Amino acid sequence: MSESISIINFGPVKEAKLTDIQKFTIIVGSSGSGKSTIMKILSLFRWLFKMLNIRKYLHEAGFKRSPFRIDIKNCLRDDGLYDYLKKDTFIEYKNDDVILTITGKNAQFKQVSEVSPSNLCLEKVSFITEKRNMIPDLLANRMKEKDAPFYTSQLLEEFKKASAITKQLYLSGVDVNLFSQKVNGIEQWFIKEGKKQDDDFNIHLEDTSSGIQSLAPLDMLIDYYVNHFDLVKSFNNAVLKYLADNDGYKFFKPIKDIGDIKRKHIDVHIEEPEICLYPDNQLHLINYIVKSLHHSNNNYDISLIFTTHSPYLLNQLNLLFKAFDMGTEIEGANLNYDHTNVYVIEYGVLKDIKVKNAHLVNPQYLSQPLDDIYNCYDEINKVSHGE
């Protein structure tokens with residue numbers, strides 16, 4: 001599968017081109033630079049691609065009337081991106097033979113080319129928001145779901161699906177066990193330190209540190225997509241929903257079973273996985289994520305894109321590249337340099353920061369502030385010594 005996106009003059013983004021998107025994509029940059037904007041618009045187009053595949057499948061099965069309409073303006077509003085549109089905005093997304101565009105201040109949407117019946121794809125798009133530490137409060141009813149932001153509500157729904165299957169999960173990044181149990185008939189979530197044997201020492205998830213509250217939904221969703229998610233069932237449920245809503249069963253004569261569709265893909269998008277985590281915990285987390293996605297035994301591909309401010313994660317990539325090249329692993333993880341994209345966005349322009357001939361990422365974009373601190377220290381020290 002060949003996938004790419006080009007974004008011109010959209011919000012803080014002046015020009016961003018992601019060509020031949022790989023299994024792992026990382027975007028770094030300063031606050032407000034446009035990292036999340038790029039990831040959100042890519043996530044939106046992937047969702048559109050998913051919906052067009054459902055539409056094409058239904059059409060080929062005899063359901064000639066369009067089962068749904070795509071309202072791009074509302075989609076952009078839900079994503080918090082509508083105000084980013086400009087008169088000269090141009091966004092083009094390509095996924096093999098499909099080309100989709102959004103242009104102008106009024107978000108004119110165009111499907112330049114359609115999904116080929118022979119190239120249907122089962123898609124799942126997940127967006128793990130930076131506001132994921134709201135999930136524990138939502139689960140504990142300390143916050144009403146109707147008051148949660150769009151992406152947080154979507155994440156809560158996915159967490160509930162995952163937790164219906166997984167009642168206990170070890171969070172290796174912080175060495176604690178996450179588990180649920182019913183108290184007075186109500187399911188509640190707790191954590192317990194990984195090496196403690198004292199069953200009485202349990203803490204409600206909503207009362208734990210911000211790092212654990214951020215990590216718990218992230219790890220739960222990674223585990224769910226890698227080990228438990230049924231992509232065929234998910235696609236089938238979506239098809240059945242549209243048939244039921246549109247009284248379409250009498251027209252439905254599928255020429256291909258959903259399970260026979262060869263292309264199957266899950267796209268995971270994570271905003272700042274390192275939120276509220278100590279540097280050492282950040283490294284354990286990225287190792288866990290990479291290991292999990294690499295060791296999936298499912299019959300579908302999983303891709304990951306995340307944004308980050310962390311110099312620790314950026315430097316860890318170089319270690320994981322080296323481990324792959326040497327045929328070894330770091331906590332069970334390594335990364336293929338050729339299957340990884342790493343970008344920085346500066347002054348609205350996205351740039352590739354992989355060092356082509358060295359199998360490295362240039363870490364200066366997140367390490368420079370530390371160098372500036374020590375340079376300033378040296379200058380002050382010189383002054384204090386009369387130099």
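Preceding this paragraph is the structure being described.
Residues numbered from 1 in each chain as written. Predicted model: local features only at pLDDT ≥ 70, side-chain atom pairs only at ≥ 80, totals over all residues. Heavy atoms only, no water.

**Student:** Break down the overall build of the protein chain for me, citing the residues and quoting the values.
**Tutor:** Helices and strands together make up the secondary structure of the protein chain, namely nine helices and 17 strands. Its C-alpha radius of gyration of 23 Å places the protein chain within 12% of the 21 Å reference for a compact globule of 387 residues. Expressed as lengths along the three principal axes of its C-alpha atoms, the size of the protein chain is roughly 85 × 60 × 45 Å. In the protein chain, which comprises 387 residues, the share counted as buried stands at 50%. Taking the intrachain contacts of the protein chain between residues at least 6 apart in sequence as the baseline, contacts between residues at least 24 apart amount to 66%. (Helix = DSSP H or I, 4+ residues; strand = E, 2+ residues; numbered from the N terminus. Rg over C-alpha atoms; globule rule 2.2 N^0.38 Å. Buried < 20%, exposed > 50% of the residue type's maximum accessible area, 1.4 Å probe, protein only. Contact = heavy atoms within 4.5 Å.)

**Student:** Summarise helix α8 (residues 311–325); cite the residues concerned and give the values.
**Tutor:** If you check α8, its first and last C-alpha atoms are 22 Å apart, about what 15 residues at 1.5 Å a residue would give, namely 21 Å. All of the buried residues in α8 are Pro311, Leu313, Leu314, Gln316, Leu317, Asn318, Leu320, Phe321 and Ala323. (Expected span 1.5 Å × (residues − 1).)

**Student:** How would you explain the packing of aromatic side chains if you had to name every residue and give the values?
**Tutor:** Overall, the coordinates contain 11 aromatic pairs when judged by the stated rule. Look at phenylalanine 150 and tyrosine 151: their rings are 5.3 Å apart centre to centre, the planes differ by 65 degrees, and that puts the pair in the edge-to-face class. Measuring from ring centre to ring centre gives 5.7 Å for tyrosine 225 and phenylalanine 229, while their planes differ by 75 degrees; the resulting arrangement is edge-to-face. Phenylalanine 229 gets classed as buried once you look at its relative accessible area, which sits at 8%. In textbook terms, an aromatic cluster arises when at least three aromatic residues are bridged by ring pairs, as seen for Phe127, Phe150 and Tyr151. Directly above the ring of tyrosine 82 sits arginine 77, whose terminal nitrogen or CZ lies 4.3 Å from the centroid. In this structure, lysine 192 packs its charged tip against the face of phenylalanine 179, placed 5.8 Å from the ring centre. (Phe/Tyr/Trp six-rings, centres within 6.5 Å; stacked < 30°, edge-to-face > 60°. Lys NZ or Arg CZ within 6 Å of the ring centre and 35° of its normal.)

**Student:** Explain the layout of surface pockets to me, and be specific about the residues and the numbers.
**Tutor:** A volume near 1000 Å³ is recorded for the largest pocket. The wall of the largest pocket is formed by 32 residues, among which Trp47, Lys50, Lys124, Gln154 and Glu158 lie closest to the centre. Going through the elements one at a time, α1 (35–60), α2 (72–78), β7 (121–128), α4 (150–163) and α6 (231–245) are the ones with two or more residues in the lining of the largest pocket. Of the residues in the lining of the largest pocket, the class split is 16 nonpolar, six polar and 10 charged. Of the volumes computed, that of the second largest pocket is approximately 350 Å³. Lining the second largest pocket are 18 residues, and of these Leu138, Leu139, Ala140, Asn141 and Glu187 lie nearest its centre. Of all elements in the fold, only α3 (135–139), α4 and β10 (186–193) reach the threshold of two or more residues within the lining of the second largest pocket. The element contributing the most residues to the lining of the second largest pocket is β10, with four residues. Considering only residue class, the lining of the second largest pocket consists of nine nonpolar, four polar and five charged. (1 Å grid on protein atoms, 1.4 Å probe; cavity = no way out; pocket = protein on both sides within 12 Å on 5 of 7 lines; lining within 4 Å. Points joined across faces, edges and corners; volume = space filled by probe spheres on them. Nonpolar A, V, L, I, M, F, W, Y, C, P; charged D, E, K, R; others polar.)

**Student:** For the pairing of strand β3 (residues 24–28), give the residues involved together with the corresponding values.
**Tutor:** Regular strands place their side chains on alternate faces of the sheet. Along β3, five of the five residues are buried, which leaves the element largely enclosed by surrounding structure. Neither face of β3 is open: one carries Phe24, Ile26 and Val28, the other Thr25 and Ile27, and all of them are buried. As judged from the five bridges shared by β3 and strand β13 (residues 301–308), these two strands associate in the parallel manner. What sits directly across from phenylalanine 24, in β13, is leucine 304. Here β3 pairs with strand β14 (residues 340–346) via five bridges, running parallel. What sits directly across from isoleucine 27, in β14, is tyrosine 343. (Pairing = 2+ DSSP bridges.)

**Student:** Let's hear about the side chain of histidine 265: which residues, and what values?
**Tutor:** Locating histidine 265 in the fold gives a position in strand β12 (residues 263–271). In this structure the side chain of histidine 265 is engaged in a polar contact, spanning 2.8 Å, whose partner is the side chain of aspartate 267. Once residues lying within four places of it in the same chain are set aside, the contact partners of histidine 265 are Met1, Cys121, Leu122, Glu123, Lys124, Leu231, Tyr300, Asp301 and Ser303. (Polar contact = N/O pair within 3.5 Å; in protein donor to acceptor, adjacent residues only side chain to side chain.)

**Student:** Residues and numbers for unusual backbone geometry, please.
**Tutor:** One non-glycine residue, aspartate 20, lies in positive phi territory at about 50 degrees. By the secondary structure assignment, aspartate 20 is in the loop between β2 (13–18) and β3. Residue aspartate 20 is classed as partly exposed on the basis of its relative accessible area, which comes to 43%.

**Student:** Provide a residue-level description of the packing of helix α7 (residues 279–294) against α8, including the pertinent values.
**Tutor:** Axes are the key here: two packed helices are described by the angle between their axes and the distance separating the axes. The geometry of α7 relative to α8 is characterised by a closest axis approach of 10 Å and an angle of 50 degrees between their N-to-C directions. Judged by the inter-axis angle, α7 sits oblique to α8. Read as a crossing pair, α7 and α8 show a hand that is right-handed. On α8, the residues that touch Pro279, Gln282, Leu283, Ile286, Asn287 and Val290 of α7 are Tyr312, Leu313, Gln316 and Leu320. Tallied by class, the residues present in the contact of α7 with α8 amount to seven nonpolar, three polar and no charged. (Axes fitted to C-alpha atoms, helices over the stretch in contact; angles between N-to-C directions. Parallel < 35°, antiparallel > 145°, perpendicular 65-115°, else oblique. Left-handed = near helix turned anticlockwise from the far one by under 90°.)

**Student:** Give me the lowdown on the state of the cysteines, citing residues and values where you can.
**Tutor:** Two cysteines whose sulfur atoms are joined by a covalent bond form what is called a disulfide. This model, assessed by the stated rule, comprises zero disulfides. Free cysteine cysteine 121: the closest other cysteine sulfur is in cysteine 75, separated by 19 Å. (Disulfide = S-S within 2.5 Å.)

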